[in-house]
Structures are given as structure tokens and as C-alpha cells.
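# An overview of the molecular structure
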Amino acid sequence: MTDQIPDISDLTTVARTASLSLAVATAGVKNRALEAIAIALEERSREILSANQLDLLRGRENDMSAGLLDRLALDQSRIASIADSVREVASLPDPVGQILRGTVNELGLRIRQVRVPMGVVAVIYEARPNVTIDATVLGLKSGNAVILRGGSAAFNSNQAIITVMRDALESVDLPADLVQTVDHLGRPGVTALMRARGGIDVLIPRGGAGLIQAVVENSIVPVIETGTGNCHVYVDEGADLEAAERIIMNAKTQRVGVCNAAETLLVHEAEAERFLLSALTRLATAGVTLHLDPASAQIARQTPSIDSDMWVEATEEDWATEYLSMDLAVRVVPSIDEAIAHIRRYSTGHTEAICTRSLQSANRFQTEIDSAAIAVNASTRFTDGGQVGLGAEIGISTQKLHARGPMGLAELTTTRWIIEGDGTVRP
């Protein structure tokens, strides 16, 4: 390490030692820890919300975007929802010790492959205090110690949450050092995590494209790459247009600052006029700025309820943009072939949705598009750990090794082979 990179070997050593307490812990012990965390989050919510207000105030002073402010914000209902998700993780089966496969060979050796914890998991993320909790509880339930770097934008919120969780762990006689942070080290803390090979078993970046790329390119610690979400909704010829309109409104406007929000709407030309006359009006009325290709712009000009200041002409850059804001690119396509080609060119491999009544179209969409998640007649917003039954998620992987899509408990484990014999030797 250079003088500019903090030495975090003491921190990783403490984390490794703390993780040993989970290696021998039963599922019941881990579940009691998670319940203690859920209770503490609820009972100390005012403390957390006060800290969060400081971060929001600073974010507004620094002209943070609406999408990032939404990611950063906590309120009583969000904390209650997070506490519920902690309890949901506690209710899930413990992956540690799960036998993936096994056999008895011709020599009588009893051979099995079982899930075991990674050991020490580090997570780098931005302006997402809920990730502080998700990463910790998923790490604990899967038998891992966690080291967090949550960024300056959520510094006060994260410090308050980590204090609450460390206290909760001690209340059930587990080491507080199962969860630690390097936020106090600032930006050099990120570099320290990326250089802590041997001290950290896996590093997970969760944030914008710049953060993820920087970690992937510079880390010597193994990385699980989470991805940005340039997600598409395609309305096929013959689709249920009322359902498609509900889907694009939900996918775009329910929560804009998240990676599974829709950023581009593609519409088959056979349905364009009927669908877009209504859908563009609803989107614009909801406050979405529309980035329109020539065909959809022509429809917008014919729609009295859409003023000229509600839309702009789409550029090449728009098709590749993850807005994380109330913006949506719209294109009319001549066929499903063109829709698939567009998505394959511009997608970040996160989530794509098709609205269709055609089984053939649905099958083609699922087969020909290489993304981590495909939604058929459903919103892109369902690509989420809680929604797919993982309880919570530590991120959504757009890579293909080890983990892909929403990552929960199983994705924070590795495997070990157990070979049992009776003095057996290889012939």
C-alpha cells in the first residue's frame, strides 16, 4: 500500500475473527440477531430519522437530483418496511450447510457439496441507507461479517444505523464487529477496500455506472459486478393496451431513482397511435419529460393535452441513458425484430419487459434478449430481492459468473466439498 491508502488490516482481521462466531452459530442464533436489529430499528427510528434529515439538508444544498434524494430519504413508513424485510430474511431458510449435491462412489466415499459463508464481504454504495441494513442482515444470515462504505451523501444516516445494529448484535451476545464501516476514511477508504485482497473475500459495488466501473477496473479483491439499469418496456402488436399503460406508468413513475425503473418505451407501429395518444398524456401529466423519436413526436403534436414544453426530440444519447429521473425515451418500432435489436444494442443487461398477448412474441423476447431479468406483462419494478422472494437484496448482478439478477442469501455463500471415508485411499 502507498502512504495515501489507509491500512485497514486491523479492521479486516477483526471482521475475520468476528465471522468465526457465525460459522458455528445456529440458524436460531442468527435469526435472534436479525429480530434484535428489526426491533432496534423501530425503537430508535427517531434517532435514525434525525440523522437522515441532516443528510437530506446537505443533499439539497448541494443540488442533489430528485432521484438521488429519493434514494437517500427515510421516513417512518420506510423504516417500518425495512424492519419487516429484516424479519422476512430471518424467516427464510438458512443457506449455510445446504447440500447441493452428493453421492457415494465405488469406494464407499460419501461425497457432498455444501454451502458455506464467504467470510468477509465488503459493499461500496452511494446515498442508499437502506443498503446499509440489507447488506448487514443478508451478510449475517449467510454467515458473513460485513464491511461497508456508504458514501458521504448518507454519512450521518449510515453512522446512526450502524450504531443501532452494532448495539443490537451485542444485545444477543454476538460481536458488534460483524458490521463495520470505512466511511470515516473518506474516498481513500474505497481504495483500501479494493486493495484488501486476503482480508476481504468478495467486494460488491452498488451504485452508478462510474462507481461500478471504477471498482471493477481497479479492485484486486474479487468483485461481483452489479449493473446500471437502462430498462426497456416494449408494447407488442396486439397487446392489451390498458394493461401496457398501467405497466409503463408503474415502471417509470412509481420510484424513479432506482435501477429497475423503465428508461425507454418501445411501441410497435401497429399500436403506436392508439397507445401513445393516451400513454404520452398520462406520462406527461405525471411530470415525465418525454424524449421522443420522430414518429412518437408526431403523435405528441396531435395531442392537445401535451404541450411543447413536455417533450424534447430524442437523441442517440437518450437511447443509452439511465435517467434515474422523470425522463423517458420513446420510440416507435416497425416490428418485434427491431425492438429486440434496439434492446440488444442499448440495454445494460438488467431488466426488460414485454407487453404482449402472443406466446410466440413472449418466447422470442425471453430467448433472444440477454438480460438478467425478463418481465412478461409485468412491470420492470419487480426485479427486486423482496419481490422475488429473497427477503432483501445486496444488489442486482448483471454479470454471468456466480450470481445474476437479484442477489440474496445464497449468492453470499460459496461451496465446499466434504469427502468422508473409512481410511479410504485412492487406488
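Here the structure is a predicted model, which is why all the values come from computation and not from measurement. (Residues numbered from 1 in each chain as written. Predicted model: local features only at pLDDT ≥ 70, side-chain atom pairs only at ≥ 80, totals over all residues. Heavy atoms only, no water.)

### Re the overall build of the protein
When helices and strands are tallied, the protein shows 15 helices and 16 strands. Taking the principal axes of the C-alpha coordinates as reference, the protein spans close to 80 × 60 × 40 Å. For the protein, with 427 residues in total, the buried portion stands at 53%. Distance from the positive charge centre (38 side chains) to the negative charge centre (54 side chains) of the protein: 5 Å. (Helix = DSSP H or I, 4+ residues; strand = E, 2+ residues; numbered from the N terminus. Buried < 20%, exposed > 50% of the residue type's maximum accessible area, 1.4 Å probe, protein only. Lys, Arg positive; Asp, Glu negative; His and termini not counted. Charge placed at Lys NZ, Arg CZ, Asp CG, Glu CD.)

### Some details on empty space enclosed by the protein
Regions of empty space are outlined by a rolling probe, equal in size to a water molecule, passed over the atoms. Following the criterion strictly, the structure yields 1 cavity of 30 Å³ or more and no others. For the largest cavity, the calculated volume is near 40 Å³. What lines the largest cavity is L41, I48, L74, I79, I82, I133 and I161. For the lining of the largest cavity, the per-class residue count stands at 7 nonpolar, no polar and no charged. (1 Å grid on protein atoms, 1.4 Å probe; cavity = no way out; pocket = protein on both sides within 12 Å on 5 of 7 lines; lining within 4 Å. Points joined across faces, edges and corners; volume = space filled by probe spheres on them. Nonpolar A, V, L, I, M, F, W, Y, C, P; charged D, E, K, R; others polar.)

### Let's talk about the sheet that holds strand β6 (residues 202–206)
Hydrogen bonds between backbone groups are what pair the strands of a sheet, and the pairing can be parallel or antiparallel. Sheet architecture is open: 4 strands sit in the order β5-β4-β3-β6, paired in parallel fashion. Because the sheet does not close on itself, it has two edges, and the strands there are β5 (179–181) and β6. Here the average twist between neighbouring strands, direction ignored, is 20 degrees. Here strand β4 (residues 145–149) pairs with β5 via 3 bridges, running parallel. The residue bridging V146 from the neighbouring strand is V179, located in β5. Helix α6 (residues 129–141) rests against β3 (120–125), β4, β5 and β6 of the sheet, and its axis sits at about 165 degrees to β4. The strands touched by helix α8 (residues 187–194) within the sheet are β3, β4 and β6, with β4 carrying the most contacts at an inclination of about 140 degrees. (Pairing = 2+ DSSP bridges. Axes fitted to C-alpha atoms, helices over the stretch in contact; angles between N-to-C directions. Contact = heavy atoms within 4.5 Å.)

### Observations regarding the UniProt feature "domain: Aldehyde dehydrogenase" (unreviewed entry) in the protein
Taken from the UniProt record, the annotation "domain: Aldehyde dehydrogenase" (unreviewed entry) applies to residues 15–294. Here residues 15–294 runs as 51% helix and 18% strand, with 56 Å between its end C-alpha atoms. (UniProt positions renumbered as here; feature names shortened; annotations may be inferred.)

### A closer look at the packing of helix α10 (residues 241–253) against helix α11 (residues 272–285)
The relative placement of two packed helices is expressed as an angle between their axes plus a distance between the axes. Running from N to C, α10 and α11 point in directions that differ by 30 degrees, and their axes come no closer than 10 Å. The angle between the axes of α10 and α11 places the two elements in the roughly parallel class. Considering how the two elements wind past one another, α10 and α11 form a crossing that is right-handed. Across from L241, A244, E245, I248, M249, K252 and T253 in α10, the residues of α11 making contact are R274, F275, S278, A279, R282 and L283. (Parallel < 35°, antiparallel > 145°, perpendicular 65-115°, else oblique. Left-handed = near helix turned anticlockwise from the far one by under 90°.)

### Some words on helix α1 (residues 9–23)
Helical periodicity: at 3.6 residues per turn, an α-helix aligns residues three or four positions apart in one direction. With 15 residues, α1 ought to run about 21 Å at 1.5 Å a step, and its terminal C-alpha atoms sit 21 Å apart, in line with that. If you check which residues of α1 are buried, you get L11, T12, A15, A18, S19 and L22. Relative to the axis of α1, the buried residues are bounded by an arc of 125 degrees and lie together on one face. Turned more than 90 degrees from where α1 packs its buried face, D10, T17, L20 and A23 sit exposed. Buried residues belonging to α1 abut α2 (27–43), β3, α6, β4 and β5. (Expected span 1.5 Å × (residues − 1). Arc of directions from axis to C-beta.)

### Notes on unusual backbone geometry
The phi dihedral of D63 is positive, around 60 degrees, even though this residue is not glycine. Among the residues examined, D63 registers a relative accessible area of 71% and is labelled exposed. Within the chain, N377 stands out as a residue other than glycine whose phi angle is a positive 55 degrees.

### A word on the pattern of salt bridges
Scanning all chains against the criterion turns up 23 salt bridges. Notably, a salt bridge pairs E271 with R274, separated by 3.2 Å at the nearest N-O pair. Here E271 falls in the buried class, since its relative accessible area comes to 7%. Judged by its relative accessible area of 61%, R274 is exposed. Shared partners join several salt bridges into a network, and the residues in it are R110, R112, E420 and D422. (Salt bridge = Lys/Arg side-chain N within 4 Å of Asp/Glu carboxyl O.)

### Some points on the side chain of D134
Looking at where D134 falls in the secondary structure, it is placed in helix α6. For the buried D134, which has no salt bridge, the nearest side chain bearing the opposite charge is R206, at an N-O separation of 4.7 Å. Excluding anything up to four places from it in sequence, D134 contacts S85, A392 and E393.

### What to know about the domain arrangement of the protein
Splitting the protein by domain gives domain 1 (6–225 + 401–418) and domain 2 (229–385). A separation of 33 Å is found between the C-alpha centroids of domain 1 and domain 2. Contacts between the two partners involve 7 residues from domain 1 and, on the opposite side, 12 residues from domain 2. Interface area for domain 1 against domain 2, summed over the two sides, is near 790 Å², with a carbon-plus-sulfur share of 46%. (Domains from an automatic or database assignment. Buried area = accessible area lost by both parts, 1.4 Å probe.)

### Examining the packing of helix α3 (residues 45–61) against helix α7 (residues 155–171)
Interhelical geometry of α3 versus α7 gives an angle of 165 degrees and a closest axis separation of 7 Å. Classified by the angle between their axes, α3 and α7 sit roughly antiparallel to one another. α7 is crossed by α3, and the crossing has left-handed handedness. Contacts from E47, I48, A51, N52, L54, D55 and R58 in α3 reach F155, N156, S157, A160, I161 and V164 in α7. Tallied by class, the residues present in the contact of α3 with α7 amount to 7 nonpolar, 3 polar and 3 charged.

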